[in-house]
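Letter by letter, the chains look like this.
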Amino acid sequence: REAITRAATVVVRYEYFNEHLDIAESIDRAVRLGNGRYIWIIGDDDYIPSGFLRDVVERLLMATEDISLIYFNRLVVDWKFQVIQAIAHPRWHKLEQELNMEEFVRRYTHWPGFVTSMIFRRGVYEEGRSFERPWHAGWGFLARIYFGGRAGRVLVVNYPSLAQRLGVHTWKGNWPRYWLVNMPRLLSDL
């Protein structure tokens, strides 16, 4: 394992845009710009602790072909990163586990759209394009990942590795439609 890690070359490309797009358009743009085997979208208000990137790279190097998604648990913190308000998935019992996509969706859809927790295989996103519907608005990226990855496995990493700031302007006023209408429809479609 150490030899594989030392021998691997990892290239990270960083792009920053001032133009505001909605989340689906922003993720689409990021996926189009990337050229790696895996995609990791990092939200601009999320915290990635030191050492986490090394952990991610090691998991990607060891991932088998059938891993569609790697999903990390997270802390939910206040806007100033001073108070831990919750662990997103407090009832996980194993440090790591592999699940099929159906089981993952059934067990871990509490706060499911935190994109920084997800590293997905590039092909998954394109394979899931046919599943996306207008009533998935706000969650189209999630529909693509969940549906496109249905034939693969999900590696779930339990220990809270990231921090998500609990925002005060959730979805710019669209949250009732996105969360109360569109999310149940997406899960029903799945």
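Note that the structure is predicted; figures quoted are calculated from it, not measured.

Draft legend 1. A look at the packing of aromatic side chains. Counted under the stated rule, the structure contains 7 aromatic pairs. Taking 4.9 Å as the distance between ring centres and 75 degrees as the angle between the ring planes, the aromatic pair formed by Phe-52 and Phe-72 counts as edge-to-face. Of this pair, Phe-52 sits in helix H3 (residues 52-62) while Phe-72 is found in strand E3 (residues 67-77), placing the two residues 20 residues apart along the sequence. Summarising the burial analysis for this pair, Phe-52 and Phe-72 share the class buried. Taken together, the ring pairs connect Trp-40, Phe-52 and Phe-72 into an aromatic cluster. Above the plane of the ring of Phe-17 lies Arg-29, whose end atom (NZ or CZ) is 3.8 Å from the centre.

Draft legend 2. View of the pairing of strand E6 (residues 118-121). By the alternation rule, side chains of E6 split into Met-118 and Phe-120 and Ile-119 and Arg-121, which are all buried. As defined by bridge partners, strand E1 (residues 38-40) adjoins E6 across 3 bridges and the pair is classed as antiparallel. Within E6, the residue paired with Tyr-38 across the bridge is Arg-121. Relative to E6, E3 runs antiparallel, the two being bridged by 3 bridges. Bridge pairing in E6 places Ile-70 opposite Ile-119.

Draft legend 3. View of the pairing of strand E4 (residues 84-87). In terms of strand pairing, E3 meets E4 through 3 bridges, oriented antiparallel. Looking at the pairing, Leu-75 lines up with Ile-87 of E4. Here E3 hands over to E4 after 6 residues, with Phe-81 in that stretch at a positive phi of 60 degrees.

Calculation notes
- Residues numbered from 1 in each chain as written.
- Predicted model: local features only at pLDDT ≥ 70, side-chain atom pairs only at ≥ 80, totals over all residues.
- Heavy atoms only, no water.
- Phe/Tyr/Trp six-rings, centres within 6.5 Å; stacked < 30°, edge-to-face > 60°.
- Helix = DSSP H or I, 4+ residues; strand = E, 2+ residues; numbered from the N terminus.
- Buried < 20%, exposed > 50% of the residue type's maximum accessible area, 1.4 Å probe, protein only.
- Lys NZ or Arg CZ within 6 Å of the ring centre and 35° of its normal.
- Pairing = 2+ DSSP bridges.

The values reported here are purely geometric and, on their own, carry no functional implication.
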